[in-house]
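Chain residues, written in single-letter form:
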Amino acid sequence: MKNVLVIGSTGQIGSELTMKLRREIPEGNIVAGYIPGAEPKGVLLESGPSEIADVRDGQQLSSIVDRYKIDTIYNLAALLSAVAEKKPLLAWDIQMNGLLNILEVAREKGCAVFTPSSIGSFGPETPKVNTPQDTIQRPRSMYGVTKVATELLSDYYYHKYGVDTRSVRFPGLISNVTLPGGGTTDYAVEIYYAAVKGEEFVCPIAAGTFMDMMYMPDALKAAVEIMHADPSRLIHRNSFNVASMSFDPEILAAKIRSRIPEFRMRYEVDPMREEIAQSWPDKLDDSCARAEWDWAPSYDLDSMTDDMIVSLRKKFGIE
Ligand code: SER
């Protein structure tokens, strides 16, 4: 991995992954791909090249790959679960037609491709606790449908054409640089922003609804390490369960309250998000990732909470 195109570089994952890759591969071209209306700013703009990279335009992707001699594509373009329910056709267009364009470019030009899957690729019939790597995947949300299809299409391109596709199923990602946009797990990010700002948090997910979550540094580590993994050890490719913590809103609120005692939360459950959350696993089994490429997360709920509070206080200039 030397010259990398990050599609969706201004989103929640992309904004941090692009910077990590630029730090780790200073000799490479790490191109920040974006769509008009979501332009890179500040350090993301200044620290390396950026290009309009709309997944729906294969020609555009192909010319970026040529110009920068791209060998690896991180495809982070997606509508998250709640937004995708409101705009299912657009979600399909971006997630599926977009992926097909990327895989075709990768096939022609010999690029490796990472397209994340998600806990959203599972559904109500999936075993909820210690969800196995290989199990029932019958999601009911459009987001989930596109994620299962992403896994299948990525494996298809690997088996049929030898395209080096690899991926992980991300849990809800908690971060403090760029907010997520329209996911079911967003509450676990927004709760920290409210707590640090001294605001009451109105929780859209019900008490007792557990989901897998992960702190962004671990998610970035997974995204990079899977692409560096020794291919001879990989039994799976698209896509690996990865896990680090699982909690419901009560556990998260109590953890924040142990650091910020005056923090207040009340519930106003959003039926659409709650239904999606209920259909997802409580806790994934990530033993295949641990066995095949030595995956191991660094953060638990305690260390993440400490780091989130310190980082957000700094971000908002709060002592
Ligand atoms: N974080 C995503 C969402 O909530 C799931 O992968 O949509």
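Notes on the structure in this doc start here. Because the structure is predicted, anything quoted here is derived from the model rather than measured.

What to know about helix α3 (residues 58–67)
In step 1: Turning to α3, its buried residues are Gly58, Leu61, Ser62, Ile64 and Val65. Down the axis of α3, the sector holding all buried residues measures 160 degrees, keeping them to one side.
In step 2: Between the side-chain oxygen at the start of α3 and the backbone nitrogen of Gln59 there is a gap of 3.3 Å, and the oxygen is on Asp57.
In step 3: At the C-terminal side of α3, Lys69 shows a positive phi close to 50 degrees.

Considering the packing of aromatic side chains
Two aromatic rings are characterised by how far apart their centres lie and by the angle between their planes.
In step 1: One pass over the structure, following the stated rule, counts nine aromatic pairs.
In step 2: Through a chain of ring-to-ring contacts, the aromatic side chains of Tyr74, Phe114 and Phe170 assemble into a single cluster.
In step 3: Taking the ring centre of Tyr161 as reference, the NZ or CZ of Arg107 above it sits at 4.9 Å.
In step 4: The ring of Phe316 has Lys197 sitting right over it, with the charged end atom 4.7 Å from the ring centre.

A look at helix α8 (residues 216–228)
In step 1: A rise of 1.5 Å per residue sets the reference length of α8, with its 13 residues, at 18 Å; its end C-alpha atoms lie 19 Å apart and thus fit the reference within 8%.
In step 2: Most of α8 sits inside the fold, with 10 of its 13 residues counted as buried.
In step 3: All buried positions along α8 are accounted for by Met216, Asp218, Ala219, Leu220, Lys221, Ala222, Ala223, Val224, Ile226 and Met227.

Quick notes on the site of the ligand
In step 1: Taken together, Leu80, Ser81, Ser118, Tyr143, Gly183, Thr184, Thr185 and Trp280 make up all the residues around the ligand.
In step 2: At a separation of 2.6 Å, an oxygen atom of the ligand approaches a polar side-chain atom of Ser81.
In step 3: Contact between the ligand and Thr184: an oxygen atom at 2.6 Å from a main-chain N or O atom of the residue.
In step 4: When the ligand is considered free in solution it has 240 Å² of accessible area, and contact with the protein chains removes 94% of it.
In step 5: Because more than half of its atoms lie within 2 Å of the grid, the ligand is assigned to the largest pocket.
In step 6: Here the shell around the ligand is composed, by residue class, of three nonpolar, five polar and no charged.

Rules behind the numbers
- Residues numbered from 1 in each chain as written.
- Predicted model: local features only at pLDDT ≥ 70, side-chain atom pairs only at ≥ 80, totals over all residues.
- Heavy atoms only, no water.
- Buried < 20%, exposed > 50% of the residue type's maximum accessible area, 1.4 Å probe, protein only.
- Helix = DSSP H or I, 4+ residues; strand = E, 2+ residues; numbered from the N terminus.
- Arc of directions from axis to C-beta.
- Polar contact = N/O pair within 3.5 Å; in protein donor to acceptor, adjacent residues only side chain to side chain.
- Phe/Tyr/Trp six-rings, centres within 6.5 Å; stacked < 30°, edge-to-face > 60°.
- Lys NZ or Arg CZ within 6 Å of the ring centre and 35° of its normal.
- Expected span 1.5 Å × (residues − 1).
- Near = heavy atom within 4 Å.
- Areas by Shrake-Rupley, 256 points an atom, 1.4 Å probe, with all protein chains shown as cover.
- 1 Å grid on protein atoms, 1.4 Å probe; cavity = no way out; pocket = protein on both sides within 12 Å on 5 of 7 lines; lining within 4 Å.
- Sits in = over half its atoms within 2 Å of the grid points.
- Nonpolar A, V, L, I, M, F, W, Y, C, P; charged D, E, K, R; others polar.

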